[in-house]
Amino acid sequence: MQLHEEIQQHLVNLEPGLQAEVLDFVLFLEQKQKKQQSDQRVTEAQALQIHQQLMSQYADAFAKLAQ
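The rules behind the values
Residues numbered from 1 in each chain as written. Predicted model: local features only at pLDDT ≥ 70, side-chain atom pairs only at ≥ 80, totals over all residues. Heavy atoms only, no water. Helix = DSSP H or I, 4+ residues; strand = E, 2+ residues; numbered from the N terminus. Rg over C-alpha atoms; globule rule 2.2 N^0.38 Å. Areas by Shrake-Rupley, 256 points an atom, 1.4 Å probe, with all protein chains shown as cover. Lys, Arg positive; Asp, Glu negative; His and termini not counted. Charge placed at Lys NZ, Arg CZ, Asp CG, Glu CD. Patch = residues over 30% accessible without salt bridge, like charges linked within 9 Å, V, L, I, M, F, W, Y side chains within 5 Å. Salt bridge = Lys/Arg side-chain N within 4 Å of Asp/Glu carboxyl O. Buried < 20%, exposed > 50% of the residue type's maximum accessible area, 1.4 Å probe, protein only. pLDDT = per-residue confidence, 0-100.

Peer 1: In this structure, what is going on with the overall build of the protein chain? I would like to understand it.
Peer 2: A tally of helices and strands in the protein chain yields three helices and zero strands. Shown N-terminal to C-terminal, the secondary structure of the protein chain runs as helices and strands in the order α-α-α. Taking 2.2 N^0.38 as the reference for a compact globule, 67 residues should give roughly 11 Å; the C-alpha atoms of the protein chain span a radius of gyration of 24 Å, well beyond that estimate. If one aligns the C-alpha atoms of the protein chain with their principal axes, the spans along those axes are about 75 × 30 × 10 Å. For the protein chain, the exposed surface amounts to about 6500 Å²; the carbon and sulfur share of it is 57%. Of the charged side chains in the protein chain, 5 are positive and 9 negative, and the gap between their average positions amounts to 13 Å.

Peer 1: Explanation requested: a nonpolar patch on the surface in the structure shown.
Peer 2: A cluster of nonpolar side chains, Val42, Ile50, Leu54, Met55, Tyr58, Phe62 and Leu65, forms an exposed patch at the surface whose accessible area comes to about 710 Å². Within the element layout of this structure, Leu65 appears in helix α3 (residues 44-66). By relative accessible area, Leu65 is classed as exposed at 66%.

Peer 1: Can you walk me through the confidence of the model for the protein chain in this structure?
Peer 2: Caution applies to low-pLDDT regions: their predicted coordinates should not be interpreted in detail. Here the protein chain averages 90 in pLDDT, while 100% of its residues score no lower than 70. Confidence, expressed as mean pLDDT per element, reaches its minimum in the protein chain at α3 with 88 and its maximum at helix α1 (residues 3-12) with 94.

Peer 1: Got a minute to help me understand the environment of Gln9 in this structure?
Peer 2: Mapping Gln9 onto the fold places it in helix α1. Owing to a relative accessible area of 48%, Gln9 belongs among the partly exposed residues under this scheme. With 27 residues separating them along the chain, Gln9 and Gln36 place their C-alpha atoms 29 Å apart.

Right under this line is the structure:
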């Protein structure tokens, strides 16, 4: 049995007021997840900086290989 099916089985046994509390909690968790995902996103400026650092490191590595 998958987790979402197990949750549904337990949810059916709760009275409507408690089901509403479960829904509120699920919505809270979704918002929390969205915030965490947006905090993890890399801005364009950060991506360009990372790219520039990598290109510099590649250039150094190729220069050493060419010697």
